[in-house]
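Topology and contacts: notes
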Amino acid sequence: MKIYIKNMVCHRCKMTIISTFTGINLHIQKVLLGEADILEELNQTQLAELDNEIRKSGFEVLNNKKSILVEKIKLLVIQVVHSVDEHPITTNLSTFLSEELQLDYTYLATLFSTDQGITIEKFYLKHRVERIKELLLYQELNITEIARFLHYSSVAHLSNQFKLYTGLKPSQFKKMAHPHRIPLEDI
Amino acid sequence: MILHIKNMLSSRCKTIVQKELQSLGFDSHCEELGTVFVSNTVNTQNWNILKLRLGSAGLELMDDKKTSISNQIKGFIKEILGTQEDYSDASISSNLGEKMHMEYPNLAKAFSERNKQTLKQYIITERVKMVKEMILGHKDNLSDISSKLHYSSTAHLCNEFKRVTGFTPKIFRNNL
């Protein structure tokens, strides 16, 4: 049985899910970001119990189609922004999303905005800013290199966008004593 | 002690890092993604275990950049002084800058932040140590020594030697 899970963003989330599921005697066949395949068939009460259990680590069981789709959109955006290699898509985000999900972008966009209260585009930008923060703090790349790595047209474009969302210039952020990063599932 | 960890993205990452540290017997506190405060210093053995365990979870324990720079500098200085070829035209600092591909002021800054001495003081003490050894070896005269160890002149060597040890090289040699 496939179980859809909210708030999974990285490999560590998969590990947490695996250990939680094993802890309550469920056998996982396969786990991907956003979903886990288990051997057992669960009824409504068991699902509710599972939901309670994984909420302790900040996850949720999803059971309606729309929220599953919204979660899929989020994961695709995260995958695009936070991939370790260079930016993987060559087309624009909207074409990428509608191709991946085989659905019209207008439908996806409306669904996402009504459900989340934020547009896909803004969600994408917030993640990009978060990625910039992360790269700045590693101190491995300078701002010019970060801009090139994340496919910004110029450093000025990057700085402006960064300032719009954080209120700080990238250099100011770097100098802060306790720079704040938002966990991806909370964006 | 602050640990810097790469690839932390979610709050689950914090939990996993704290669990790993706890299993090694460390109290830790993680407020922001990427930085963890540990109550004690982590020794090399535990550091390596932690690095391996976090690695298997896809996280990367980052070496402190400045510490690794200052270790590299120490290695290069030993190498530069050890080869004892005739480099009389180039100073140690410019040699060092070329080898590390960084500007000397940046190197010096990183070095003094991680050591009790400044880079210049370190170079001088290491160099005078070498002078002593070479005098004791009785193979080279002072002008050979000065050119092999990047001094601009014998006078430069004598001055530096006297400032550090209190003797001139000649008195040092005669008092053996």
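The coordinates are above.
Description of the structure in this document. Note that the structure is a prediction, hence the values are computed from the model and not measured. (Residues numbered from 1 in each chain as written. Chains lettered and ligands numbered in written order. Predicted model: local features only at pLDDT ≥ 70, side-chain atom pairs only at ≥ 80, totals over all residues.)

A closer look at the overall build of chain B
Definition in use: Numbered from the N terminus, helices here are DSSP runs of H or I no shorter than four residues, and strands are runs of E no shorter than two. Burial is judged by counting other C-beta atoms within 10 Å of a residue's own C-beta: 20 or more means buried, 12 or fewer means exposed, and anything between counts as partly exposed, with every C-beta placed from the backbone. Any residue pair is listed as a contact if its two C-beta atoms, each placed from the backbone, are within 7 Å.
A count of helical and extended segments in chain B gives nine helices and four strands. For chain B, the sequential pattern of α-helices and β-strands runs β-α-β-β-α-β-α-α-α-α-α-α-α. Dimensions along the principal axes, computed over C-alpha positions, put chain B at roughly 65 × 30 × 25 Å. Across the 176 residues of chain B, 24% fall into the buried class. By sequence separation, contacts in chain B at least 24 residues apart represent 55% of the contacts at least 6 residues apart.

Observations concerning the overall build of chain A
If you tally the helices and strands in chain A, you get nine helices and four strands. Across chain A, helices and strands are ordered from the amino to the carboxyl terminus as β-α-β-β-α-β-α-α-α-α-α-α-α. Taken along its principal axes, the extent of the C-alpha atoms in chain A is 55 × 40 × 30 Å. Burial analysis of chain A (187 residues in total) assigns 24% to the buried set.

Here we look at the sheet that holds strand β2 (residues 28–32) of chain A
All names here are of chain A. Note the following rule: Strand pairing is defined by DSSP finding a minimum of two bridges between the two strands. To obtain an axis, a line is fitted to C-alpha atoms, over the contacting stretch when the element is a helix, and the angle between two such axes runs from 0 to 180 degrees between their N-to-C directions.
Read from one edge of the open sheet, four strands run β2-β3-β1-β4, paired in antiparallel fashion. Looking at which strands have only one partner, the edges of the open sheet turn out to be β2 and β4 (60–62). Pairwise comparison of adjacent strand axes, ignoring direction, gives a mean angle of 30° for this sheet. Summarising the sheet, strand β1 (residues 2–6) and strand β3 (residues 35–38) pair through three bridges and their orientation is antiparallel. By the bridge assignment for β3, I3 is matched with A36. Across the sheet, helix α1 (residues 11–23) touches β1, β2 and β3, and the angle it forms with β2 is around 155°.

Looking at the environment of A:V84
Structurally, A:V84 can be placed in the loop between α3 (65–81) and α4 (93–101). Sequence separation of A:V84 and A:A147 is 63 residues, and the distance between their C-alpha atoms is 15 Å.

Structural notes on the environment of B:R12
As for its position among the elements, B:R12 is in helix α1 (residues 11–23). Looking at B:R12, the number of C-beta atoms within 10 Å reads 26, which means it is buried. With near-sequence residues (within four places) excluded, B:R12 lies in contact with A:R12, A:C13, A:T16 and A:S57.

A short note on the interface of chain B and chain A
Often, the extent of an interface is quoted as the loss of accessible area upon association of its parts. For the record, the criterion: Three classes are used: nonpolar for Ala, Val, Leu, Ile, Met, Phe, Trp, Tyr, Cys and Pro, charged for Asp, Glu, Lys and Arg, and polar for all others, with Gly counted as polar.
With 13 residues of chain B at the contact, the number on the chain A side is 20 residues. The dominant element in the side of chain B that touches chain A, judged by the number of residues it contributes, is α1(B), at four residues. Across the side of chain B that touches chain A, the residue classes tally to five nonpolar, four polar and four charged.

Focus: the pairing of β1(A)
Residue and element names in this part refer to chain A. Residues I3 and I5 line the buried face of β1, whereas the alternating positions K2, Y4 and K6 sit on a face that is not buried. Relative to β4, β1 runs antiparallel, the two sharing three bridges. Within β4, the residue paired with Y4 across the bridge is L62.

Focus: the packing of helix α3 (residues 65–83) of chain B against helix α5 (residues 104–114) of chain B
All names here are of chain B. Selection rule: Angle categories are assigned with fixed cut-offs, so that under 35 degrees is roughly parallel, over 145 is roughly antiparallel, 65 to 115 is roughly perpendicular, and the rest are oblique.
In contact at an axis separation of 9 Å, α3 and α5 are set at 105° when each is read in the N-to-C sense. Here α3 is positioned roughly perpendicular relative to α5, judged by the angle of their axes. Of the residues in α5, those in contact with K66, T67, I69, S70 and I73 of α3 are L107, A110, F111, E113 and R114. Per-class residue counts for the contact of α3 with α5 are five nonpolar, two polar and three charged.

Examining the nonpolar core
Put simply, the rule reads: Nonpolar core, as used here: buried Ala, Val, Leu, Ile, Met, Phe, Trp, Tyr and Cys residues forming one set through C-beta atoms within 7 Å.
With 39 residues, the main nonpolar core has A:I5, A:I73, B:I5, B:C13 and B:V17 as its most contacted residues. Mapped by element, the contributors of at least two residues to this core are β1, α1, α2 (44–55), α3 and α5 (105–116) of chain A together with β1 (2–6), α1 and α2 (44–56) of chain B. Ranked by residue count, the leading element in this core is α3(A), at six residues. Filtering out sequence-adjacent residues up to four positions away, A:I5 remains in contact with A:I17, A:G34, A:E35, A:A36, A:I54, A:F59, A:E60, A:V61 and A:L62.

With respect to the packing of α3(A) against helix α6 (residues 120–138) of chain A
Residues and elements named next belong to chain A. Condition: What makes a crossing left-handed is the near helix being turned counterclockwise from the far one by less than a right angle; a clockwise turn instead makes it right-handed.
Relative to each other, α3 and α6 sit at 35°, their axes nearing to 10 Å. For the pair α3 and α6, the sense of crossing is right-handed. Mapping the contact onto sequence places I73, V77, I78 and V81 in α3 and I120, F123, Y124, H127, R128 and R131 in α6. Of the residues that constitute the contact of α3 with α6, the class distribution is seven nonpolar, one polar and two charged.

Quick word on the pairing of β2(A)
Residues and elements named next belong to chain A. Little of β2 is tucked away: zero of the five residues are buried. Where β2 and β3 come together, four bridges link them in antiparallel fashion. What sits directly across from I28, in β3, is I38. Between β2 and the antiparallel strand that follows it, β3, lie two residues; G34 among them carries a positive phi value of about 90°.

What to know about the sheet that holds β1(B)
Residue and element names in this part refer to chain B. An order of β2-β3-β1-β4 is seen for the four strands of this open sheet, with the pairing classed as antiparallel. The outermost strands of the open sheet, each flanked by one partner alone, are β2 (28–29) and β4 (60–62). With respect to the sheet, α2 is in contact with β1 and β4, its orientation differing from that of β4 by roughly 140°.

It is worth stressing that arrangement in space is one thing and function is another; only the former is reported here.
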